[in-house]
Every structure is written in structure tokens, then in C-alpha cells.
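Read off the chains here:
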Amino acid sequence: MSQSLVDDPAEAALGLARPVETGPEPGPGRRVDPRRLLRFLLRRPGLLLSVIVLVLVVLASFRPELFASQDPLKGVPSQNFRGPSGSHWFGTDELGRDVFSRVVHGAQLSLKATLIAVLVAFVVGGLLGVVAGFVGRWVDDVLMRFVDVLLSIPALFMSLALVTALGYGTVKVAVAVGIASVAAFARVARAEVLRVRQAVFVEASRASGARWYSVLARHVLPNAAGPVIVLATLDFGSSILAVSALSFLGYGAPPPAPEWGTLISDGRNYLANAWWLTALPGLAIAATVLATNRIARALDGEWARQR
């Protein structure tokens, strides 16, 4: 401990200069113990299954050839409308294309759009919330009124309006879904910044003469990021549903691109004699959304209580 820090009257009056300026940062004390994490997962089989499902979906989105060797765009007309079997796990469609291969390769398109949507919402919404909560005054009033306007519009309607203005395509659908989710991130980020900004250690750092950007980077952002990250995990599942819904309506990548929503839309015309064309891609979407929601719930409550 340096003598200058101890003798600073502002820091001495607050009594918190030592942990703020020279004490250990919160991060090292919160390191994840692999054995503890493994025990945490083994005691929750549902959470472990969710992690496995999400890992498989992410692997399929980056390396689809690991799971499906058949060409998702090439069909054999003589093998159309084959039910699920050992050679075609999810059956075949009206053109004889392997549905499992199309679902696996479709994960790349759908997950790409979902990641872009969550990133847009996280960056734009988080930036609005941080500025509003940290600056305050009239800036907070103006930004929050803008957020209130966004909240007053249903997310799906806003996505439809934006994708109609931007045009069709996977990336444009992702941007539209991300902008529709900005308001929720802005609200959560603002609330957390306001909570952390009023903490004693932040006031101590300001009283010791730290610059505003130092307080923001070292104290406010690290301590306010947790709930926003959890919201991003929850929004990942919601974004999958929104992207799939817009693809179902025909706003996604043009055929024959195997987006998940497009697969369900193509299969709805054959529900009477080929139920697997809609049901099995729908199960893939449902499993991915449920897995992300379960992981987000664990991060939000269970793991925090364990720590």
C-alpha cells in the first residue's frame, strides 16, 4: 500500500481507498473451478443435456460435414417422401433430398442470423443503456423515451416492417430481429449501470480523483455486464424463433437454401402424407431454444447462488 494513497484525505474519509485502488480486482476471486463446474453440471442432468444439445448445434453450424455427408441440395427423385430410416434419419422431401442433411446445413444459416441479431441488440441496446444510466439528466430522458417508443411496438411487427424496408436475405432478417430487441437490452443495461453507479466503491473511486472513463471501464461495466449477458443468452432462443418465423414467411434466404423456417414452410403442404418434413425441423428448433433457455436460467440463478 503506497503512503500517498493512505494519506489522501478523501480516500481516508471514505475508508475504501485500499480495496478500490490497490486491492485485488473482483475477477480473480471469481475464477471458475473446472471440478466445481463439472459437479454443478452432473447434479443437473437437464442442464447437462442442454449444454450437449447446444454444443452439437454450434458444431453443426460450423462443421456440418461432421454430422451429414449427403449434399443438402441434391435430390434423388426416385427416393422422394421416404420416411425416417437408417439411411435417412429425418426422411426425404418431395425432391428426394435428405432432410437431416438440410437441417444440419440449415443450422449454419439460422445460427449465423441469430448471432448477428443478438450481437446487434447487445451492442446497440447496451450502448444506449450505458450512456443513459451513466450520463443521466436530459440524455437519460431522451434515450429512455426513444426506448419506450420501441417497447410500444410488438417485436415481430417491427421486424416485419424493418425487413420489408431493408429487403430479403438472411443478414437483413438478422439485423431486423436485432433492432427489434434493442429496447430490452437498453432497459436492463441502464438499470444495472444505475445500480452500480451508486455503489460505495464507485463513489470512492470518483473521490480519489479517477477519471470518468476509468470508473466506467474498471468498475461500472464489469459489474453491470452480468445480467446483460444473461439476457443475451435468453434472447438467443427468442432470436432463433424470430428468424425462423421470418424465414417461414419467406423473408429469409431464397430457395433452395435450407433455413430452418424455410424447411417448415416447405413441409407444411405435405403434412397429410409426410409429417416428418415439418415435425423434425420443428423439433430441432424447439430443442435448441429450450437448451438456450435452460442454460440462461442456470446462469441467472443457480450458478450465481452456487458462487
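Computed from a predicted structure; not experimentally measured. (Residues numbered from 1 in each chain as written. Predicted model: local features only at pLDDT ≥ 70, side-chain atom pairs only at ≥ 80, totals over all residues. Heavy atoms only, no water.)

(A) Layout of the overall build of the protein chain. Counting secondary structure elements, the protein chain contains 14 helices and zero strands. Along its sequence from the N terminus, the protein chain presents helices and strands in the succession α-α-α-α-α-α-α-α-α-α-α-α-α-α. The buried share of the protein chain, reckoned over its 307 residues, is 44%. The long-range fraction of contacts in the protein chain, counting pairs at least 24 apart against all pairs at least 6 apart in sequence, stands at 68%. Counting only carbon and sulfur atoms, one obtains 65% of the accessible surface of the protein chain, whose full area is about 16100 Å². (Helix = DSSP H or I, 4+ residues; strand = E, 2+ residues; numbered from the N terminus. Buried < 20%, exposed > 50% of the residue type's maximum accessible area, 1.4 Å probe, protein only. Contact = heavy atoms within 4.5 Å. Areas by Shrake-Rupley, 256 points an atom, 1.4 Å probe, with all protein chains shown as cover.)

(B) Structural detail: the layout of surface pockets. Its boundaries defined by the atoms lining it, the second largest pocket holds a volume of some 370 Å³. Leu56, Val57, Phe100, Val104 and Ala284 are, among the 16 residues lining the second largest pocket, the residues nearest its centre. For the lining of the second largest pocket, the per-class residue count stands at 15 nonpolar, one polar and no charged. (1 Å grid on protein atoms, 1.4 Å probe; cavity = no way out; pocket = protein on both sides within 12 Å on 5 of 7 lines; lining within 4 Å. Points joined across faces, edges and corners; volume = space filled by probe spheres on them. Nonpolar A, V, L, I, M, F, W, Y, C, P; charged D, E, K, R; others polar.)

(C) A nonpolar patch on the surface, seen in detail. On the surface, a nonpolar cluster with roughly 410 Å² of combined accessible area is contributed by Leu119, Phe122, Val123, Val124 and Ile229. The leading source of residues in the nonpolar patch is helix α6 (residues 99-135), at four residues. Considering the arrangement of structural elements, one finds Val124 in helix α6. Judged by relative accessible area, which is 37%, Val124 ranks as partly exposed. (Patch = residues over 30% accessible without salt bridge, like charges linked within 9 Å, V, L, I, M, F, W, Y side chains within 5 Å. Salt bridge = Lys/Arg side-chain N within 4 Å of Asp/Glu carboxyl O.)

(D) Looking closely at empty space enclosed by the protein. In the structure shown here, the tally under the stated rule is one cavity of 30 Å³ or more. Size it by volume and the largest cavity reaches roughly 100 Å³. Around the largest cavity, the lining residues are Asp93, Glu94, Arg97, Val99, Arg102, Leu263, Asp266, Gly267, Tyr270, Leu277 and Pro281. Every element with two or more residues in the lining of the largest cavity is listed here: α6, α13 (260-267) and α14 (276-306). The element that contributes the greatest number of residues to the lining of the largest cavity is α13, accounting for three residues. Looking at the lining of the largest cavity residue by residue, the class counts come to five nonpolar, one polar and five charged.

(E) Seen up close, the packing of aromatic side chains. Applying the stated criterion to the full structure yields six aromatic pairs. For the pair Trp89 and Phe100, a centre-to-centre distance of 5.1 Å together with 55 degrees between the ring planes defines the contact as tilted. Of this pair, Trp89 sits in the loop between α5 (45-62) and α6 while Phe100 sits in helix α6, and the two are 11 residues apart along the sequence. Classification of Phe100 as buried rests on a relative accessible area of 15%. Between the aromatic rings of Phe122 and Phe185, the centroid separation amounts to 6.2 Å while the plane-to-plane angle is 80 degrees, which identifies the pairing as edge-to-face. In this pair, Phe122 is assigned in helix α6 and Phe185 in helix α10 (residues 182-197), connecting sequence segments 63 residues apart. Classification of Phe122 by relative accessible area gives partly exposed; the value is 32%. (Phe/Tyr/Trp six-rings, centres within 6.5 Å; stacked < 30°, edge-to-face > 60°.)

(F) Molecular detail of the side chain of Ser101. By the element assignment, Ser101 lies in helix α6. Dropping the residues within four chain positions of it, Ser101 is found in contact with Ala68, Gln70 and Pro72.

(G) Examining the pattern of salt bridges more closely. Considering all chains together, one arrives at seven salt bridges under this definition. With a shortest N-O distance of 2.4 Å, Glu65 and Arg63 are connected by a salt bridge. Between Arg190 and Asp140 there is a salt bridge, and its shortest N-O distance comes to 2.7 Å. Pair noted here: Arg190 is in helix α10 and Asp140 is in helix α7 (residues 137-151), with a separation of 50 residues, a long-range link. Asp140 sits in the buried class, given a relative accessible area of 10%. Residues joined by salt bridges that share partners form a network here, namely Asp93, Glu94 and Arg97.

(H) Structural context of the confidence of the model for the protein chain. The predicted model of the protein chain has a mean per-residue pLDDT of 80, with 85% of residues at 70 or higher. The low-confidence segment residues 1-29 (pLDDT under 50) makes 28 contacts with residues lying over four places distant or belonging to another chain. (pLDDT = per-residue confidence, 0-100.)

(I) Region of interest: the nonpolar core. Among the nonpolar cores identified, the biggest contains 34 residues, and Val103 and Trp260 are the most heavily contacted of them. Put simply, the parts of the chain that give this core at least two residues each are α5, α6, α10, α12 (212-248), α13 and α14. Residues within four places of Val103 in sequence aside, it is in contact with Phe90, Trp260, Leu263, Pro281 and Ala284. Membership of the second largest hydrophobic core comes to 12 residues, among which are Val147, Leu150, Val182 and Ala183. (Core = buried A, V, L, I, M, F, W, Y, C linked by side-chain atoms within 4.5 Å.)

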